[in-house]
Amino acid sequence: VGRFEDARVADSVDAFARAILARGLDVVVHERSGPGPLPDGVRRVADAGFADALDLLVAVGGDGTMLYAAQLVIGRPVPLLGINRGRLGFLADVSPAEMTASFDAVLAGQYEQDVRSLLTARLTAGGAPPRTCHALNDIVIQRYETGRMIELATWIGGAFVNSHGGDGLVIATPTGSTAYALSCGGPIMHPSLDAVVIAPISPHTLSNRPIVVRRDSEIEVRLNGRSSSRAQVTFDGTVLGDLEADGRLVIGPAGETVTLLHPHGHDYYRILRSKLHLGRSAREAEQPS
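Worth saying up front: this structure is predicted, and the values here are computed from it rather than measured.

(A) Inspection of the overall build of the chain at higher detail. A count of helical and extended segments in the chain gives six helices and 16 strands. Its C-alpha atoms give the chain a radius of gyration of 20 Å, near enough to 19 Å, the size a compact globule of 289 residues would have. Principal-axis analysis of the C-alpha atoms places the extent of the chain at approximately 65 × 50 × 35 Å. The 289 residues of the chain split such that 49% are buried. Long-range pairs, those at least 24 residues apart, make up 64% of the contacts in the chain with a sequence separation of at least 6. Put simply, the chain shows about 14300 Å² of open surface, and 49% of that area lies on carbon and sulfur atoms. In the chain, the 27 positive side-chain charges and the 32 negative ones have mean positions that sit 4 Å from each other.

Take a look at the structure:
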């Protein structure tokens, strides 16, 4: 799976598919990956039958492609391998130069398995049926109108926490702690932690800080009665729906997980140093070209 309209992705997919076919294996491509020439023998498969056709899902692109790929296999025993053709590459950590060797290592059972926890969310409003989702990275509540704050009220485990005025909230897994939540001042959490971070987006008061809670906590968010602005709820960058005045957003742990595969020698802290320049001063960090 990938965005084939990106020439870099298309080139990697073509080379990788040829290598897999040469090993006598079947290759299928998700039909939403877009148009583009593919080697003979590669089949395009629709949503309905895609996950059923897989033993391994390879995502070619950036971390956004990995998040999209994760949605395709949630609830199924299909692991993910990410080939990085994006900018950052926290989740997609195999380089194009190493993709064939890494794939051969996976076939030989030489890999590290990384099981990531998910969040589930239920959005209700009025008498409409609830909308639900699963998120590998985060659930985000954010304002619609430019220049106007939203007022949100939060409960954890049934206990009222606070009212929040600002641009919204990010509720992130440890996987998502290095994404949007990080830009909101949230902490970096190791993927193995059984925790969730709630990070306010541009809070109106300096005392409104990120908070870390247990993953099995039930988090409820509502629009404060004083709020005149609308809010939108997204999961891993996909729209779930609107949080309305009479609505409730309830977030908790998902029973499902997603399994990532890494080459031997995978080092989470090395990735932090490489991608976020962790511990490096501004003088030492690489300058943009």
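Having seen the structure, we can now continue with the description.
(B) Focus on the sheet that holds strand β7 (residues 138-143). If you trace the six strands from one edge of the open sheet to the other, you get β12-β11-β10-β7-β14-β15, paired in antiparallel fashion. Of all the strands in the sheet, just β12 (211-214) and β15 (238-243) have a single pairing partner and so form its edges. On average, each strand axis in the sheet is tilted by 20° relative to the strand beside it, whichever way the strands run.

(C) Representation of the nonpolar core. Ranked by internal contacts, the top residues of the largest apolar core, which has 25 residues, are Ile-139, Ile-141, Ile-171, Ile-219, Leu-243 and Leu-249. In contact with Leu-243, other than residues within four places in its own chain, are Leu-123, Ile-141, Leu-152, Val-221, Arg-222, Leu-223, Ala-231, Val-233, Arg-248 and Leu-249. Leu-57, Met-66, Leu-67 and Val-73 belong to the second-largest nonpolar core, a separate cluster that totals 23 residues.

(D) Representation of the packing of helix α1 (residues 7-22) against helix α4 (residues 99-107) in the model. The geometry of α1 relative to α4 is characterised by a closest axis approach of 10 Å and an angle of 40° between their N-to-C directions. The angle between α1 and α4 falls in the class oblique. Crossing of α1 over α4 shows right-handed handedness. Counting all contacts with α1, which are made through Ser-12, Ala-15, Phe-16, Ala-19 and Ile-20, the residues of α4 involved are Met-99, Thr-100 and Phe-103. Taken together, the residues that form the contact of α1 with α4 break down as six nonpolar, two polar and no charged.

(E) Quick peek at the pairing of strand β16 (residues 248-262). Where strand β5 (residues 112-124) meets β16, 12 bridges bridge the pair, whose relative direction is antiparallel. From the neighbouring strand, Val-115 faces β16, where its bridge partner is Thr-259. Pairing analysis gives three bridges linking strand β13 (residues 219-223) to β16, with the strands arranged antiparallel. Within β16, the position partnered with Val-221 by the bridge is Leu-249.

(F) Region of interest: the environment of Pro-79. With respect to the element layout, Pro-79 can be found in the loop between α3 (63-73) and β4 (80-84). Pro-79 sits in the buried class, given a relative accessible area of 17%. Taking the C-alpha atoms as reference points, Pro-79 and Leu-54, separated by 25 residues in sequence, lie 9.3 Å from one another.

About the cut-offs
- Residues numbered from 1 in each chain as written.
- Predicted model: local features only at pLDDT ≥ 70, side-chain atom pairs only at ≥ 80, totals over all residues.
- Heavy atoms only, no water.
- Helix = DSSP H or I, 4+ residues; strand = E, 2+ residues; numbered from the N terminus.
- Rg over C-alpha atoms; globule rule 2.2 N^0.38 Å.
- Buried < 20%, exposed > 50% of the residue type's maximum accessible area, 1.4 Å probe, protein only.
- Contact = heavy atoms within 4.5 Å.
- Areas by Shrake-Rupley, 256 points an atom, 1.4 Å probe, with all protein chains shown as cover.
- Lys, Arg positive; Asp, Glu negative; His and termini not counted.
- Charge placed at Lys NZ, Arg CZ, Asp CG, Glu CD.
- Pairing = 2+ DSSP bridges.
- Axes fitted to C-alpha atoms, helices over the stretch in contact; angles between N-to-C directions.
- Core = buried A, V, L, I, M, F, W, Y, C linked by side-chain atoms within 4.5 Å.
- Parallel < 35°, antiparallel > 145°, perpendicular 65-115°, else oblique.
- Left-handed = near helix turned anticlockwise from the far one by under 90°.
- Nonpolar A, V, L, I, M, F, W, Y, C, P; charged D, E, K, R; others polar.

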